Amino acid sequence: MKNSTYDLIVVGSGIMGTFHAIHAARLGKSVLLTEKDQYPVNATVRNFGQVVTSGISSDMFAHAMRTAELYKEIQQEFDISVRNNGTVYISSDDDELQLTHELKERMDASGHGAVLLSAKKCLAQWPALKKEYCNGGIFFPQELSVEPDKLIYRVIEYAIGKYPNLTYKPGTAVVDCAVAGDRVEIATAYRQKFTAEKVIICNGGEFKLLFADLFKDSGIMLRKLQMVRTIPMPEVALEGNILTGLSIRRYESFQECPSFAKLTTPERYEELEKWGIHILFKKALDGSIIIGDSHEYADVNHTDDLGFGISSYINELMLKEAQNIVNFDVSKIASSWAGFYPQHSSKHVVEYDIDDRIHIRTAIGGKGMTCAAGYAEASVMKIYN
Ligand SMILES: Cc1cc2nc3c(=O)[nH]c(=O)nc-3n(C[C@H](O)[C@H](O)[C@H](O)COP(=O)(O)OP(=O)(O)OC[C@H]3O[C@@H](n4cnc5c(N)ncnc54)[C@H](O)[C@@H]3O)c2cc1C
């Protein structure tokens, strides 16, 4: 019979759980990483794969910087799909342009240097952009992107190969978790039992299986995002993380700039902002272009109300705005999907510590691909003092 007792059990193998497991394994702990699905299929694989350190607020910035370092470090040993092709924010009016100038000052001061680009330079570097849209940009050449449909599977493969003290059990839903004396016991849906000194639960947007009573009053909101992917268009010159005017008006780092408070919403953006739409582009390795996204919200007790369908109206709004920005035909869609992530209105990550043995770490919001690896390192260090 295989080992059923560990130093640490991590529940959930999205980006948060997997990196908590890796950091504990690096400390020499024997770790069991469980995943309810056959392989992770939630937020960690449904996103853009934009590692946009420059978009992160000052509170989480150090975690974002560390995440990029960790990705690069692992990529040198094992191909986890990391590319260094930079991030650009394209402004479309003077208010957005002003915010890019203010962000440059802040980022330069924090050692994360940026380059301001004229409209002409943006159009030369990304010829897929329309000149009617672009009035300038801010470029972070050092930033990374990853392939969301590959990264987590490769990171797990890397971790299992690298750390013999890390065991991975997919298809293993944890349905109970309780302190028993000086250990924690978990039970799976297959009625297996495992024990450990500690358990870290990285449940992402799953709030019904464990500690539902805690989450009920947590103030967490689940967000539903719509995404589309074009057919492969390798000829389209749109490399890197491409963020646009509405992203400048939305991202945390711009919210910390002095002019943000004075920003008003022009009429052309009103319907888009109503649906939480901002337009980002990310060209995948096969040449397809991921375009998104929108945001609909439900509190943690009513997540089913978000539904499973894709609204054609929202997709049409997104694609119409995307077509204002780029000159290739965005209507050549190969697929469309919804992704969900939890977020708290005032906490960057929701953390619960129960009896100093059960630690819940969830709701990293829309920045998990940018911050989770670094955040998990700090979190594991704190849990193990
Ligand atoms: C459409 C979309 C676009 C995004 N774009 C970006 C981006 O470009 N850049 C960026 O930084 N971030 C982005 N994000 C945010 C990012 O994807 C998330 O912050 C991150 O993936 C959250 O990771 P997680 O591990 O907390 O959650 P998840 O990925 O949801 O993983 C949680 C895992 O836990 C498992 N689990 C839950 N309960 C149990 C249980 N009881 N037993 C066993 N297993 C369990 C689930 O099956 C799941 O696999 C985006 C998100 C979405 C939805």
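Each remark here, short or long, concerns the structure printed above.
A. Molecular detail of the pattern of salt bridges. Counted according to the given criterion, the structure contains 23 salt bridges. We note a salt bridge from Arg154 to Asp79, for which the minimum N-O separation is 3.3 Å. Taken together, the residues Arg154 in helix H6 (residues 151-162) and Asp79 in the loop between helix H3 (58-77) and strand E4 (87-91) connect sequence positions 75 residues apart. A salt bridge links Asp353 to Arg361; its shortest N-O distance comes to 2.9 Å. On the basis of relative accessible area, Asp353 is assigned to the partly exposed category, the value being 47%. Accessibility expressed as a relative area gives 4% for Arg361, which makes it buried.

B. A look at the packing of aromatic side chains. Throughout the structure, instances matching the rule amount to 10 aromatic pairs. On the basis of an interplanar angle of 90° and a centroid distance of 5.8 Å, the ring pair of Tyr39 and Tyr153 is categorised as edge-to-face. Of the two residues, Tyr39 is situated in the loop between strand E2 (31-34) and helix H2 (43-46) and Tyr153 in helix H6; the sequence distance between them amounts to 114 residues. The class for Tyr39 is partly exposed, based on a relative accessible area of 45%. On the basis of relative accessible area, Tyr153 is assigned to the partly exposed category, the value being 28%. Between Phe78 and Tyr158, the aromatic rings sit 6.0 Å apart at their centres with planes inclined by 55°, giving tilted as the arrangement. Within this pair, whereas Phe78 is found in the loop between H3 and E4, its partner Tyr158 is found in helix H6, the two being separated by 80 residues in sequence. Taken together through their ring pairs, the aromatic side chains of Phe78, Tyr158 and Tyr163 make up a single cluster. Over the face of the ring belonging to Tyr384 we find Lys198, whose NZ or CZ atom lies 6.0 Å from the ring centre.

C. Quick peek at helix H12 (residues 368-383). Counted at 1.5 Å a residue, the expected span for H12 with its 16 residues is 22 Å, but the 20 Å between its end C-alpha atoms falls short. In H12, a bend of some 30° at Gly374 exceeds every other bend along the element. With 13 of 16 residues buried, H12 is to be regarded as a mostly interior element.

Rules used in this analysis
- Residues numbered from 1 in each chain as written.
- Predicted model: local features only at pLDDT ≥ 70, side-chain atom pairs only at ≥ 80, totals over all residues.
- Heavy atoms only, no water.
- Salt bridge = Lys/Arg side-chain N within 4 Å of Asp/Glu carboxyl O.
- Helix = DSSP H or I, 4+ residues; strand = E, 2+ residues; numbered from the N terminus.
- Buried < 20%, exposed > 50% of the residue type's maximum accessible area, 1.4 Å probe, protein only.
- Phe/Tyr/Trp six-rings, centres within 6.5 Å; stacked < 30°, edge-to-face > 60°.
- Lys NZ or Arg CZ within 6 Å of the ring centre and 35° of its normal.
- Expected span 1.5 Å × (residues − 1).
- Bend = angle between axes of the 7 residues up to and from the residue.

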